[in-house]
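Residue-level structure breakdown
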Amino acid sequence: MATILDGKKTAEEIKGEIEEQVKQIKAQGGKVPHLAAILVGNDGASETYVNNKVRACEKVGFESSLLRFDENISEEELLTVVEEVNANDDIDGLIVQLPLPQHISVEKVTDRIRPEKDVDGFHPENVGRMAKNLPAYIAATPYGILQLLKRYQIETKGKHCVVVGRSHIVGSPMSILMAGSGYPGDATVTLCHRYTENLEEFTKRADILIVAVGIPGFVTADMVKEGVIIIDVGITRVEDASKKSGYRLKGDVDYEQVYPKSSFITPVPGGVGPMTIASLLWNTLLAAQDAVYSGIEVE
Ligand code: NAD
């Protein structure tokens, strides 16, 4: 019987710990962490994601600011907004909800955020520090996965970890972190992507399989070995007439098929997703203490 890696429960525990720390900060008259989020345009899914982040901030006692802009805002104007937030001492962390409209370069905008406020961990300085095993703001999804492995005390040292998908926000940092020294890490890592030939030859050899491709049900039972640990990052809306919304969320792993073969598995929803928001809050708490760049030990 596989153990379900309950991201919802674990994220609630982490948020409870953050809330406790905020209470202590307030009691001591310290500065309450403040996260600002930039949202450009009216994309429904982006709006939901950003609202969830803002609501999560409120729940743990953070301050939050949602900075909304019309989709016609120019790149130059948006960069000026980032500069203003950079200079605002009251704001500890800044995130830009993706995707941005076509005429705005994601790279230019995220690279303009001061690394000390880059709680999404997308700035090259933070990516570089992470790659060098130095304290860094780590992108929220990979960070959430590390926390999940840690809290379920899953051994990673010497294990073969196969990551499928090489995006800058999930697959690529995940492969670096799992190969890095320390726990969770010290794994032997294979990074697969759309041009990997005979993918199943690699996935079948995985002790830990982390999948972030965005194709629902992509990993089937014949692609994994007995006892595999499954981390399913994928979230895709698939039509489901039995739901009020008309859809349900499905992961990249065929859960029903793969569950009996696995030793640990994340469900979708309720696995990696909730951990992502908890990690963003954790990064914001660290940013308010300037923990990463002042050399305070980061967990
Ligand atoms: P992406 O969509 O940017 O890229 C997909 C990756 O999958 C690419 O690197 C590509 O090379 C690889 N790929 C595509 N087809 C493949 C194939 N046939 N074989 C092997 N590799 C293949 O990736 P992303 O932004 O990391 O998103 C992946 C999924 O994770 C999406 O469903 C997304 O919604 C989800 N996601 C979830 C969270 C969360 O918090 N749970 C966070 C980020 C992304």
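Nothing here was measured: the structure is a model prediction, and the numbers come from that model.

Reading the values: the criteria
- Residues numbered from 1 in each chain as written.
- Predicted model: local features only at pLDDT ≥ 70, side-chain atom pairs only at ≥ 80, totals over all residues.
- Heavy atoms only, no water.
- Helix = DSSP H or I, 4+ residues; strand = E, 2+ residues; numbered from the N terminus.
- Expected span 1.5 Å × (residues − 1).
- Buried < 20%, exposed > 50% of the residue type's maximum accessible area, 1.4 Å probe, protein only.
- Lys, Arg positive; Asp, Glu negative; His and termini not counted.
- Salt bridge = Lys/Arg side-chain N within 4 Å of Asp/Glu carboxyl O.
- Polar contact = N/O pair within 3.5 Å; in protein donor to acceptor, adjacent residues only side chain to side chain.
- Contact = heavy atoms within 4.5 Å.
- Pairing = 2+ DSSP bridges.
- Domains from an automatic or database assignment.
- Buried area = accessible area lost by both parts, 1.4 Å probe.

Helix length check: helix H10 (residues 272-288) (17 residues) gives 25 Å between terminal C-alpha atoms against 24 Å at 1.5 Å per residue, within 8%. Burial analysis of H10 places 14 of its 17 residues in the buried class, which makes it a mostly covered element. Count one or two residues on from H10 and you reach Asp 290, which has phi positive near 50°.

Let us now look at the side chain of Arg 129. As for its placement among the helices and strands, Arg 129 is situated in helix H5 (residues 124-131). It is Glu 125 that comes nearest to the buried, bridge-free Arg 129 among opposite-charge side chains, at 4.0 Å. At 2.8 Å, the side chain of Arg 129 and the backbone oxygen of Pro 135 are in polar contact. Ignoring any residue separated from it by four or fewer positions in sequence, one finds Arg 129 in contact with Leu 134, Pro 135, Ala 136, Val 292 and Tyr 293.

Our next topic: the sheet that holds strand S8 (residues 228-232). In spatial order, the strands read S1-S11-S8-S7-S5-S6; together these six strands make up an open sheet with parallel pairing. Each end of this open sheet is capped by a strand with a single partner; those strands are strand S1 (3-4) and strand S6 (188-192). In this sheet, strand S7 (residues 208-211) lies alongside strand S5 (residues 160-164) in parallel orientation, the contact comprising four bridges. Paired with Val 163 across the strands is Ile 210, a residue of S7.

Right, let's get into the domain arrangement of the protein chain. Often, the extent of an interface is quoted as the loss of accessible area upon association of its parts. As far as domains go, the protein chain holds domain 1 (29-131 + 276-288) and domain 2 (140-273). Each of domain 1 and domain 2 was reduced to a C-alpha centroid, and the two centroids are 26 Å apart. Roughly 950 Å² of surface becomes buried between domain 1 and domain 2 when both sides are summed, with 61% attributable to carbon and sulfur atoms. Sorting the residues of domain 1 by area buried against domain 2 places Met 130, Thr 276 and Ser 279 first, and these three jointly supply 53% of that buried surface. Inspection of the region where domain 1 meets domain 2 yields zero salt bridges. Linking domain 1 to domain 2 there are six residue pairs in polar contact (both at pLDDT 80 or more).

In this section: the side chain of Asp 92. When you line up the elements, Asp 92 lands in the loop between helix H3 (75-87) and strand S4 (93-96). Within the local environment of Asp 92, its side chain forms a polar contact with the side chain of Lys 31, the two groups lying 2.7 Å apart. From its side chain, Asp 92 meets the backbone nitrogen of His 34 in a polar contact 2.8 Å long. If we skip the residues at most four places from it in the chain, Asp 92 touches Lys 31, Val 32, Pro 33, His 34, Glu 116, Lys 117, Ala 287 and Ala 288.

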